[in-house]
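# Summary of structural features
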Amino acid sequence: MSPVQELEDIEKEALRALQGAGSSDRVRELEIAYLGRKGPLARVGKTLGTLPMEERRTVGQAANRVRGLIESAIAAKLANLDRMERAGRLEAERLDITLPGRTPPSGKLHPLTEVLEEVVDIFVGLGFQVAEGPLVETDYYSFQALNIPQDHAARSMQDTFYVNTGNPQPFVLRPHTSPMQVRLMETTKPPLYVVVPGVVARRDEVDANHLAQFMQIEGLAVDEGITFGDLKGVLDVFAKQMFGANLTVRMHPSYFPFTEPSAEVYVSCFACDGSGCPTCRGEGWIEIMGAGMVHPNVFRAVGYPPETTGFAFGMGIERIAKLKYSVNDLRSFYENDLRFLDAR
Ligand code: PHE
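Let me sum up the structure you'll find in this document. Everything numeric here is computed off the predicted structure, so don't read it as measured data.

### Structural notes on the site of the ligand
Around the ligand, the structure places 14 residues, and the nearest of them are His176, Ser178, Arg202, Gln216 and Gly314. Within the side chain of His176, one N or O atom sits 3.1 Å away from a nitrogen atom of the ligand. A distance of 2.9 Å separates a nitrogen atom of the ligand from a polar side-chain atom of Ser178. In isolation the ligand exposes 320 Å². Once the protein is present, 90% of that is buried. For the shell around the ligand, the elements supplying multiple residues, two or more each, are β6 (213–222), β9 (285–294) and β10 (310–316). A per-element tally of the shell around the ligand places β10 first, with 3 residues.

### Examining the sheet that holds strand β2 (residues 136–138)
Strand pairing within a sheet occurs via backbone hydrogen bonds; the two strands may be parallel or antiparallel. The strand order β2-β4-β3 describes an open sheet built from 3 strands, whose pairing is antiparallel. Every other strand in the sheet has two partners, leaving β2 and β3 (161–163) as the edge strands with one partner each. The mean angle between the axes of side-by-side strands here comes to 40°, regardless of whether they run parallel or antiparallel.

### Re the packing of aromatic side chains
According to the stated counting rule, one finds 10 aromatic pairs in the structure shown. Geometrically, the ring pair formed by Phe128 and Tyr193 is edge-to-face, given 5.7 Å between the ring centres and 90° between the ring planes. Of this pair, Phe128 sits in the loop between α5 (111–125) and β1 (129–130) while Tyr193 sits in strand β5 (residues 192–201), and the two are 65 residues apart along the sequence. On the accessibility criterion, Phe128 (4% relative accessible area) is buried. Considering the side-chain rings of Phe299 and Tyr304, the 5.9 Å spacing of their centres and the 20° angle between planes classify their relative orientation as stacked. Across this residue pair, the class does not change: Phe299 and Tyr304 are buried. Among the aromatic residues, those joined into a ring-pair cluster are Phe123, Phe128, Tyr193, Phe238, Phe311 and Phe313. In this structure, Arg183 packs its charged tip against the face of Tyr141, placed 4.0 Å from the ring centre. One residue, Arg250, lies across the ring of Trp285, its end atom 4.5 Å from the ring centre.

### Things to note about the sheet that holds strand β8 (residues 259–268)
The 7 strands lie next to each other as β1-β5-β6-β10-β9-β8-β7, forming an open sheet whose pairing is mixed. Looking at which strands have only one partner, the edges of the open sheet turn out to be β1 and β7 (249–256). By the bridge criterion, 2 bridges tie β1 to β5 in an arrangement that is parallel. Paired with Val130 across the bridge in β5 is Val195. Of the strands in this sheet, β5, β6, β9 and β10 touch helix α7 (residues 179–187), which is tilted by about 140° from β5.

### Observations regarding the pairing of β8
Within β8, 7 of the 10 residues are buried, which leaves it mostly tucked inside the rest of the structure. Relative to β8, β7 runs antiparallel, the two being bridged by 7 bridges. In the strand pairing of β8, Phe256 is matched with Thr259. Following β7, the chain reverses through 2 residues before pairing antiparallel with β8. Two elements, β8 and β9, share 8 bridges in a ladder whose sense is antiparallel. Paired with Ser268 across the bridge in β9 is Trp285.

Thresholds applied
- Residues numbered from 1 in each chain as written.
- Predicted model: local features only at pLDDT ≥ 70, side-chain atom pairs only at ≥ 80, totals over all residues.
- Heavy atoms only, no water.
- Near = heavy atom within 4 Å.
- Polar contact = N/O pair within 3.5 Å; in protein donor to acceptor, adjacent residues only side chain to side chain.
- Areas by Shrake-Rupley, 256 points an atom, 1.4 Å probe, with all protein chains shown as cover.
- Helix = DSSP H or I, 4+ residues; strand = E, 2+ residues; numbered from the N terminus.
- Pairing = 2+ DSSP bridges.
- Axes fitted to C-alpha atoms, helices over the stretch in contact; angles between N-to-C directions.
- Phe/Tyr/Trp six-rings, centres within 6.5 Å; stacked < 30°, edge-to-face > 60°.
- Buried < 20%, exposed > 50% of the residue type's maximum accessible area, 1.4 Å probe, protein only.
- Lys NZ or Arg CZ within 6 Å of the ring centre and 35° of its normal.
- Contact = heavy atoms within 4.5 Å.

In structure tokens:
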């Protein structure tokens, strides 16, 4: 074999071996093996002196070329391995330092708002419209037009916040939503089916069962031939949708100046099914609102014929919410403690 051919074989073999090398250590070994003093190139180099002048040049040049090729193949291989090894190390040493994102707490409706909307929805489903009215009312709408005479107990300083404006006719923070019965009838001819949710205020000592400011929802239906049976039917549907289909609605004679006859409306306790428990204070029945047939004097006050027929009812939203969510203290609804508000 001629020395040049021998060199070409060395080149091929060296390049093939480099290609198969899997680590930089292996490449270093091959470098020593092929380019080192005991390697094949060195061996060929040693024979140069024995060659005739002409051939010595050719073989010398070929040897340099092959050495150069192998050297650059080694450099390229090392660079390549280095890149791969670095990538592997980075992957292996990868550390996940991602922190859980901060999720801002999402808001939701206040329990009273939820209950109010639920109540309104039930009456809207029965064909009632929704109206709202002023929190600061006149004495006339709050009392007189509702058949509450000047010296009636409900007007006493105990119950009502009077707003002193210097006006001869005192303003009050409405102690109930019933003034809206009058305002609606003054401006609308029957038939009238309306509910009026809204804030009311009373001079009550604040405790677990009383608030000085709370919400009511008023109901008013005026139409031809409205009877007490209609009232009971509507409240029956309401109570069953609100608290449970199995309960019983009971009406108990009562007194309101603006309704005749008047009633307190009870539902059989949905917590114990009427057998008596803490929710119903052992009574088996829970009072949920006042109601009755609109008094002829109220119809007179708004210019309706006194024989007009209609019913009205009014309930406290906090009371309904308290029952619905088994809340012990009405004040919890207004303390804005997120632990309470989130507890549903
Ligand atoms: N306004 C009465 C109250 O606040 C409730 C009521 C409304 C009763 C309508 C009868 C008819 O207690």
